[in-house]
Amino acid sequence: MNWRFSMLLLLLLCFDGPGIKCQEEEETLPRNEVLGEPTVSCAADAIYVKLRTKSTFLGHVDVKYTPDKSCFQSLVTNNQIEILIPHEECMVPRRRSLHPTGVILEVSLSVSFHPEFTTVDDRIFNMQCFHQKKSNGSSSSLAIGSPQPPPTDTKGPSCSYEVLTSPEGSPAGRLALGQNVYHSWQCQNVYESCIMIESCQLVGGEETHEVIDSSGCSKHESIMPQLEYHNRTHVGASVKVFGVSHTSIVYFACQVRLHPQLPTGECPKPKCDLMRRKRDESSSQFPSIDVRSQNLEISQLINVTSSTESQIPSESFVQHTCPDIHVESAPAEEASESKLIEEEKICADFRSVLIVSILLTMALIIITTTIVVLIVRRQKYEIASMS
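Residues numbered from 1 in each chain as written. Predicted model: local features only at pLDDT ≥ 70, side-chain atom pairs only at ≥ 80, totals over all residues. Heavy atoms only, no water.

Looking at the pattern of salt bridges
We count it as follows: Within this document, salt bridges are pairs made up of a side-chain nitrogen of Lys or Arg and a carboxyl oxygen of Asp or Glu, the two lying within 4 Å of each other. Each helix is a run of DSSP H or I of at least 4 residues and each strand a run of E of at least 2, with the numbering of both proceeding from the N terminus. Remark: exposure states derive from per-residue accessible area (1.4 Å probe, protein chains only) relative to the maximum for the residue type, with buried under 20%, exposed over 50%, and partly exposed in between.
This structure, assessed with the given rule, holds six salt bridges. Arg174 is the salt-bridge partner of Glu297, the closest N and O atoms lying 3.0 Å from each other. Of the two residues, Glu297 is situated in strand S19 (residues 296–302) and Arg174 in strand S11 (residues 174–177); the sequence distance between them amounts to 123 residues. For Arg174, a relative accessible area of 62% puts it in the exposed group. Two residues, Glu198 and Arg257, come together in a salt bridge whose shortest N-O distance is 3.3 Å. A residue pair is termed long-range when its members are at least 10 positions apart, and Glu198 in strand S13 (residues 194–204) and Arg257 in strand S17 (residues 249–259) qualify at 59 residues. Exposure remark for Glu198: the relative accessible area of 2% places this residue in the buried category. Judged by its relative accessible area of 7%, Arg257 is buried.

Concerning unusual backbone geometry
Even without glycine at this site, Met91 takes up a positive phi of about 50°. Among the secondary structure elements, Met91 is positioned in the loop between strand S5 (80–86) and strand S6 (94–97). Its identity as a non-glycine residue notwithstanding, Ser199 has a phi of 50°, on the positive side. Position of Ser199 among the secondary structure elements: in strand S13.

Overview of a negative patch on the surface
Test applied: The residues that make up patches have over 30% relative accessible area and no salt bridge, and they are joined within 9 Å when like-charged or within 5 Å when they are Val, Leu, Ile, Met, Phe, Trp or Tyr. Here the accessible surface of atoms and residues is derived via Shrake-Rupley with a 1.4 Å probe, and residues count as covered only by protein chains that are part of the display. Charge assignment in this entry is limited to Lys and Arg as positive and Asp and Glu as negative, and neither His nor the chain termini are counted. Where a charge lies is defined by one atom per residue type, namely NZ (Lys), CZ (Arg), CG (Asp) and CD (Glu).
Taken together, Asp45, Asp68, Glu88 and Glu89 make up a surface patch of like negative charges. Looking at the secondary structure, you find Glu88 in the loop between S5 and S6. Residue classification places Glu88 among the exposed positions, given a relative accessible area of 61%.

Shown next, in the form of structure tokens:
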């Protein structure tokens with residue numbers, strides 16, 4: 001009898017239901033994070049980065065996309081991290097800037113808070129150093145989605161390149177494959193010149209992939225359509241997000257060529273017909289400005305929402321069966337998501353109540369059986385003692 005009641009108590013107490021914990025919860029450590037933005041110092045031969053974390057740092061740091069993972073030096077003191085990244089040893093990528101003249105060096109640094117694994121708390125910082133002739137180097141730390149500020153020259157033209165969530169939207173940051181975005185090029189202080197976009201590349205780590213050729217024409221119209229020239233200082237294109245398989249952090253880099261207006265007062269445009277596609281050698285004599293987009297984080301998950309799907313009510317995609325709720329692809333709207341989460345909670349509670357009811361019923365059967373056995377044994381004992 002004792003072992004049966006012990007098993008019953010163990011069964012009831014170790015059930016992991018609402019408000020009942022089967023095991024002692026592990027003590028969860030507070031989540032660590034980077035405080036503020038990194039401090040970046042640009043030396044002639046290295047990049048020095050300093051970060052501070054909320055609590056003692058127990059993870060590891062890594063310079064992304066470098067062939068030699070031991071090329072940099074790191075020092076961790078409690079919640080302070082210091083990294084020295086030599087240009088030559090780490091093969092830091094660099095590109096030239098024509099306006100103003102100089103060299104831009106770029107490096108990506110990952111901060112992992114777990115000593116072994118990559119987790120959702122990890123951060124990737126993309127940093128740049130701009131070295132200009134007869135001037136001290138300056139640095140800027142780029143977060144995901146923050147647009148790259150182009151080198152400014154108050155006397156000359158300046159141009160920017162941004163990937164926006166829509167033609168009138170904000171700069172994009174984290175995106176999914178297939179999501180609709182808008183690439184926008186704009187220039188100021190070009191006076192009477194017209195802009196033309198040339199030689200665009202998608203840059204991911206050490207690899208570059210040309211998407212717009214030197215004639216200003218798309219090389220892959222299935223993913224990058226021909227550009228739309230709205231006026232002499234604004235060019236745009238509606239694009240579905242694409243990326244590369246070896247990295248999720250990418251950006252686009254282009255040249256903006258300043259052309260004089262035609263005698264008719266119109267602006268020259270790229271001739272992208274297959275029969276007429278040919279580089280105009282005379283255009284190379286005109287000045288150009290190097291521009292790049294903000295850094296983009298491309299999720300490998302495909303965004304299945306389309307304009308036709310958005311017209312269909314989300315309720316038609318949900319099977320309202322309990323306890324199993326199955327959701328197929330549906331438009332991602334906050335109202336439907338919150339409703340679905342609420343239904344899942346209700347059905348989870350239903351399952352818990354059902355399991356508790358079954359266990360209580362089993363316990364009642366065991367208790368009843370035990371009492372009956374005891375009564376029968378006592379009656380047999382009384383009959384045997386009377387005889």
